[in-house]
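Tertiary structure, described
Chain residues, written in single-letter form:
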Number of protein chains: 4
Amino acid sequence: MNWEYSRRVKYYETDRMGVVHHSNYLRIIEDARMEWLRDNFMSYSELEKMGVIIPTASASGKFISYLRFDDLFKVTIKLVQFKGVKMQFEYDIINSENGQICYKGESSHFFAVDGSYKPYLSFRNKFPELYKKMCSLCKRDSGI
Amino acid sequence: MNWEYSRRVKYYETDRMGVVHHSNYLRIIEDARMEWLRDNFMSYSELEKMGVIIPTASASGKFISYLRFDDLFKVTIKLVQFKGVKMQFEYDIINSENGQICYKGESSHFFAVDGSYKPYLSFRNKFPELYKKMCSLCKRDSGI
Amino acid sequence: MNWEYSRRVKYYETDRMGVVHHSNYLRIIEDARMEWLRDNFMSYSELEKMGVIIPTASASGKFISYLRFDDLFKVTIKLVQFKGVKMQFEYDIINSENGQICYKGESSHFFAVDGSYKPYLSFRNKFPELYKKMCSLCKRDSGI
Amino acid sequence: MNWEYSRRVKYYETDRMGVVHHSNYLRIIEDARMEWLRDNFMSYSELEKMGVIIPTASASGKFISYLRFDDLFKVTIKLVQFKGVKMQFEYDIINSENGQICYKGESSHFFAVDGSYKPYLSFRNKFPELYKKMCSLCKRDSGI
């Protein structure tokens, strides 16, 4: 797996401790997930145009080391589970300059109908090609 | 005019300079404006239910002094102009502990139809009571 | 346990799904934790003045239901573990209008020396009164 | 002048109106300014290491049109004034897909000593090369 998202820490992402505020890690992994979807699956804005959204069901992570303003970092992301409409991603955020792992986390999401925030039970039938694509991405990433 | 909005600076509103990030002053005056609307006019969420929104057309301000984490501050707000669908507010953000002015700014807004972001030209005819109320608030605040 | 933090959802906390962006739940529980510290222990800004900070080591949560702009919500918080310098909190975010649980989460933190982000190993010896207070809060909240 | 900053709108930069929250325009022009400094002058993190910071003294802008999630935009930036320690920038934020101007704004800043937030009166004497470079950038951008 070589897909990576990379950018620098922005000034407004830091807090008075001088490091990235921990809530911003959820934004950074969202950035990574959005670009992963664009490159591997379909852009999220295109999904929205089809009436599909992907709310976040859960998120957890460990804040292992710190990122400071202007640090270059990369995010690795893996789709480790996809069942029906539910998917789970794993992330590492790594300081590109010293290789240090700053954050290890995961998040789970589901395909939903725009406006309802309920699992899109007929997703597989309505969008068989997207369903197959997601299955194969999961196989590729998780090796299952 | 004694109406004021007051709260403390939140941790995530600070940046690595140790002070409130300047972009957050626009959020703080929005907080103040929303509460001013609730107390003096109508809550913004009720307006939205009527299909009316109030986009921001412009904003400007001077960052005079700094607010740090946990500082108690107050915001004064005045409706200095209301014409048709356009309104202009002026704000002072003041450190409650030492009386220092931290920010002086203004913002202009307009009543719009939800979804269009265009001035709601028939606002006065559709909502005559709201129109009158806004006029009298402007008179009260601006003395005109 | 009746201590609660309560406020309304701010406009800028919502995203284009029309609900609070999930990253903001970490900010909301931080708000609650800061006020809990002030009311039960010592304000975080006073701790900082003593050279002590409390970085976040981990956070996890389930996004069960949605909060929309202007919704009144409350956060319950319990200190469920305190060992040496490490502490763990549990949170529920509840829509005050309908009683619905919107978020269930936990976060772990540690006392650190300002600037080092390492566990403050001599915390108990340097601040015996604070240590005892934290122990008794944990006992009160967790029943252990 | 062809220097431009460009990226897409992030999900968490939108609000429930479905467009970029107006406070985020100040963050976007900060992103652009930081990259402009890196490419034309010196990276802000290097300046910080020399004990120099650049607080924002004022900012104003007009919100002319809207940016939505995933829209590709560009920011043009010009250093229109530099006197002693004070500098002023002008910005246009333009939707790259349709060429529409979304925001026109300006911000003023000053070189300060880290920790003091006061104009760095001896900046010219302490850093003559940086001073000269800034003058020539201003000449290039403003034509004066």
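Read on for a plain summary of the structure. Here the residue index of a chain counts from 1 through its sequence in written order. Chain labels run from A onward and ligand labels from 1 onward, assigned in the order the entries are written. With pLDDT at 70 or above as the cut-off, local features in this predicted model cover only qualifying residues; side-chain atom pairs require 80 or more to be listed or tallied, and sums for whole chains, interfaces and linings still use all residues. As a rule here, side-chain values come from all non-hydrogen atoms in the structure, and water together with hydrogens is ignored.

Topic: the relation of the copies chain C and chain A
Mapping chain C onto chain A leaves a residual RMSD of 0.0 Å; the transformation is a rotation of 180 degrees accompanied by 0.0 Å of translation along its axis. When the rotation and shift are considered jointly, the pair of chain copies conforms to a two-fold rotation axis. When C-alpha positions in chain C are compared against the rotation axis, the closest is assigned to Ser60 of chain C, at 1.9 Å. Contacts between residues were defined by any pair of non-hydrogen atoms, one from each residue, lying within 4.5 Å. The residues that chain C uses at the interface reappear at the interface of chain A in 100% of cases, marking a shared surface. Overlaid copies result from least-squares superposition on C-alpha atoms, with residues included only where pLDDT is at least 70 in both.

Focus: the packing of helix α1 (residues 23-40) of chain A against helix α1 (residues 23-40) of chain C
Convention adopted: a line fitted to C-alpha atoms gives each axis, helices being fitted over their contacting stretch, and angles between N-to-C directions are expressed from 0 to 180 degrees. Labels follow the DSSP assignment, with helices taken as runs of H or I lasting at least four residues and strands as runs of E lasting at least two, numbered in each case from the N terminus. Put simply, α1 of chain A and α1 of chain C touch, their axes get as near as 7 Å, and they point 180 degrees apart. The angle between the axes of α1 of chain A and α1 of chain C places the two elements in the roughly antiparallel class. For the pair α1 of chain A and α1 of chain C, contact is made by Ser23, Asn24, Leu26 and Arg27 of chain A and by Ser23, Asn24, Leu26 and Arg27 of chain C, respectively. When residues are sorted by character, Ala, Val, Leu, Ile, Met, Phe, Trp, Tyr, Cys and Pro go into the nonpolar class, Asp, Glu, Lys and Arg into the charged class, and all the rest, Gly among them, into the polar class. Here the contact of α1 of chain A with α1 of chain C is built from residues that sort into two nonpolar, four polar and two charged. Here the angle decides the label: under 35 degrees means roughly parallel, over 145 means roughly antiparallel, 65 to 115 means roughly perpendicular, and every other value means oblique.

Considering the interface of chain D and chain A
Chain D puts 18 residues into the contact, and the matching count from chain A is 18 residues. Each of two parts loses accessible area, computed with a 1.4 Å probe, when they are put together; buried area is these two losses added. Carbon and sulfur atoms make up 48% of the area that chain D and chain A hide from each other, which totals about 1600 Å². Per-residue buried area on chain D facing chain A is highest for Tyr11, Tyr12 and Phe69 of chain D; these three make up 34% of the total on that side. Criterion for a salt bridge: a side-chain nitrogen of Lys or Arg within 4 Å of a carboxyl oxygen of Asp or Glu. Between Arg38 of chain D and Asp70 of chain A there is a salt bridge, and its shortest N-O distance comes to 2.6 Å. Any pair of N or O atoms that falls within 3.5 Å is considered a polar contact. Within protein, one atom must be able to donate a hydrogen and the other to accept it, and sequence-neighbouring residues count only if both atoms are side-chain atoms. Linking chain D with chain A are 10 residue pairs in polar contact (both at pLDDT 80 or more), by the criterion used here. Along the lines of polarity and charge, the residues of the side of chain D that touches chain A split into six nonpolar, two polar and 10 charged.

Some remarks on unusual backbone geometry
All names here are of chain C. Phi at Tyr117 is positive, roughly 60 degrees, even though this residue is not glycine. With respect to the element layout, Tyr117 can be found in the loop between β7 (112-113) and α3 (123-126). For every residue, the accessible area (1.4 Å probe, protein chains only) is compared with the maximum for its type, and the residue is labelled buried under 20%, exposed over 50%, or partly exposed between those bounds. On the basis of relative accessible area, Tyr117 is assigned to the buried category, the value being 11%.

Thoughts on the side chain of Ser23 of chain D
Inspection of the secondary structure puts Ser23 of chain D in helix α1 (residues 23-40). At 2.9 Å, the side chain of Ser23 of chain D and the side chain of Arg27 of chain B are in polar contact. Those residues in contact with Ser23 of chain D that lie beyond four places of it in its chain are Ser23, Leu26 and Arg27 of chain B.

Concerning the interface of chain C and chain A
Residue-level contacts link 28 residues of chain C with 28 residues of chain A. Each partner contributes to the roughly 2400 Å² buried at the junction of chain C and chain A, and carbon and sulfur atoms together form 52% of this total. Here Arg16 of chain A ties to Glu48 of chain C by a salt bridge, and the two come within 2.9 Å at their closest N and O atoms. Remark: the boundary between chain C and chain A carries 14 residue pairs in polar contact (both at pLDDT 80 or more). The set of elements that each furnish at least two residues to the side of chain C that touches chain A consists of α1, α2 (44-49) and β3 (56-63) of chain C. If one sorts the elements of the side of chain C that touches chain A by residue count, β3 of chain C sits on top with eight residues.

Here's the deal with the packing of aromatic side chains
Within 6.5 Å between ring centres, the rings of Phe, Tyr and Trp (the latter by its six-membered ring) count as paired, and their orientation is classed by plane angle as stacked under 30 degrees, edge-to-face over 60, tilted in between. Throughout the structure, instances matching the rule amount to 64 aromatic pairs over all chains. For the ring pair Tyr44 of chain A and Phe69 of chain D, a centre distance of 5.9 Å and an interplane angle of 75 degrees mean the geometry is edge-to-face. Of this pair, Tyr44 of chain A sits in helix α2 (residues 44-49) while Phe69 of chain D is found in the loop between β3 (56-63) and β4 (72-83), placing the two residues in two different chains. As far as burial versus exposure is concerned, Tyr44 of chain A and Phe69 of chain D are alike and both buried. Ring centres of Tyr120 of chain A and Phe123 of chain A lie 6.1 Å apart, and the angle between their planes is 65 degrees; this geometry places the pair in the edge-to-face category. The exposure classification of Tyr120 of chain A matches that of Phe123 of chain A, with both residues buried. Linked through ring pairs, Phe41, Phe82, Phe111, Tyr120, Phe123, Phe127 and Tyr131 of chain A together constitute an aromatic cluster.

Read these as layout, nothing more, since geometry by itself doesn't imply function.
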